[in-house]
Amino acid sequence: ASITIKMKTKEKKYTKSVKRSNYYDNVELLFCQKVLVGGTPIGVTKRTSLRENNGEIYVKFVNFSPLKTEVILVDFWRKEHRSFEYDEYVESKKYRIDPEWLDTFFKYKFKQAGEYKIDIYNQEEVLITTGYINVLK
């Protein structure tokens, strides 16, 4: 007696990560109050308020081709009082995403007022985009 077995292997799509920043030249970054199902941003703004919005904001960015990264790294910097530089490091966050996505978003809560710079990197630490937001009391 004999038996024939066919085994099918699961194919994993592999996307090479980007190592040059010019791939992300056309990325658009938005700050908004909400993001609807499907990714539509609502209440696009350049500032938020600790009092009105509890310091919460959605950060959404869009590329015209796949983001080609499985992880995004986000650094938050704050401008010290009367400073010209964003020299106060606040924190870093890491988010897992699908490398085939053209866009993604995340929610962030600011703990104090001030001017902020947000740098977003891919898994190779290549800068995807930078955004600036003013957080009011």
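Just above, that's the structure.
In every chain, residue numbers begin from 1 and rise along the written sequence. Two thresholds apply to this predicted model, a pLDDT of at least 70 for residue-level local features and 80 or more for giving and counting side-chain atom pairs, whereas whole-chain, interface and lining totals are computed over all residues. Side-chain numbers come from the whole structure's heavy atoms, not from hydrogens or water.

Colleague: Is there a simple way to think about the overall build of the chain in this case?
Modeller: Assigned secondary structure in the chain consists of zero helices and nine strands. For the purposes of this entry, the term helix denotes a DSSP run of H or I that reaches at least four residues, the term strand denotes a run of E that reaches at least two, and both are numbered from the N terminus. Each helix (α) and strand (β) of the chain, taken in turn from the N terminus, gives the series β-β-β-β-β-β-β-β-β. Along the first, second and third principal axes, the C-alpha atoms of the chain reach 85 × 30 × 25 Å. Per-residue accessibility, obtained with a 1.4 Å probe over protein chains only, is compared with the maximum for each type, and a residue is labelled buried under 20%, exposed over 50%, and partly exposed between these values. Looking at the 137 residues of the chain, the share that counts as buried comes to 37%. Between two residues, a contact is recorded if the distance between any of their heavy atoms is within 4.5 Å. Sequence separation of 24 or more characterises 66% of the internal contacts of the chain that already satisfy a separation of 6 or more. Per element, the accessible surface of the chain, about 9700 Å² overall, is 49% carbon and sulfur. Lys and Arg are tallied as positive, Asp and Glu as negative. Neither His nor the chain termini are counted. Lys charges are placed at NZ, Arg charges at CZ, Asp charges at CG and Glu charges at CD. Averaging the positions of the 25 positive and the 19 negative side-chain charges in the chain gives two centres separated by 5 Å. Values of accessible area rely on a 1.4 Å probe in the Shrake-Rupley scheme; residue burial ignores everything except the protein chains shown.

Colleague: It is not clear to me how the nonpolar core should be interpreted in this structure. Could you clarify?
Modeller: It is characteristic of soluble globular proteins that their nonpolar side chains tend to be buried jointly. We define a nonpolar core as any set of buried Ala, Val, Leu, Ile, Met, Phe, Trp, Tyr and Cys residues linked to one another through side-chain atoms lying within 4.5 Å. Counting 23 residues, the largest nonpolar core has Phe 61, Ile 72, Phe 106, Phe 110, Ile 118 and Ile 120 as its most contacted members. Going through the elements one at a time, strand 1 (28-35), strand 4 (56-62), strand 5 (71-78), strand 7 (103-109), strand 8 (114-121) and strand 9 (127-136) are the ones with two or more residues in this core.

Colleague: How should I be thinking about the packing of aromatic side chains in this particular structure?
Modeller: Two descriptors summarise a pair of aromatic rings, namely the distance from one centre to the other and the angle between the planes of the rings. Stacked, tilted and edge-to-face are the three classes assigned to paired rings of Phe, Tyr and Trp, where Trp is represented by its six-membered ring and a pair needs centres within 6.5 Å; plane angles under 30 degrees give stacked, over 60 edge-to-face, the rest tilted. Tallying each qualifying case throughout the model produces nine aromatic pairs. Seen from their ring centres, Phe 76 and Phe 110 are 6.5 Å apart, and the 85° between their planes marks the pair as edge-to-face. Note that Phe 76 is positioned in strand 5 and Phe 110 in the loop between strand 7 and strand 8, a separation of 34 residues in sequence. As far as burial versus exposure is concerned, Phe 76 and Phe 110 are alike and both buried. By way of ring pairs, the aromatic residues Phe 76, Tyr 108, Phe 110 and Tyr 116 are connected into one cluster.

Colleague: Is there a simple way to think about the sheet that holds strand 1 in this case?
Modeller: Strands in a sheet are paired, the pairing made by backbone hydrogen bonds, and the direction either parallel or antiparallel. In this scheme, strands are said to pair when DSSP sees at least two bridges between them. Strand order in the open sheet made by the four strands is 2-1-4-7, with antiparallel pairing throughout. In this open sheet, the two strands that pair with only one neighbour each are strand 2 (41-45) and strand 7. Pairwise comparison of adjacent strand axes, ignoring direction, gives a mean angle of 40° for this sheet. Two strands pair when backbone bridges link them, and strand 1 and strand 2 are joined in this way by four bridges, in the antiparallel orientation. Within the sheet, the bridge partner assigned to Lys 34 lies in strand 2 and is Ile 42. Geometry is summarised by axes, namely lines fitted to C-alpha atoms with helices restricted to the contacting stretch, and by angles between N-to-C directions that run from 0 to 180 degrees.

Colleague: Just to check I follow, could you spell out the pairing of strand 9 for this structure?
Modeller: Looking down a regular strand, the side chains alternate between one sheet face and the other. Looking at chain direction, strand 3 (residues 47-49) and strand 9 are connected through three bridges and run parallel. Bridge pairing links Thr 48 to Val 135 in strand 9. In the sheet, strand 8 pairs with strand 9 via eight bridges, with the strands oriented antiparallel. Bridging across to strand 9, Asp 119 finds its partner in Thr 130.

It is worth stressing that arrangement in space is one thing and function is another; only the former is reported here.
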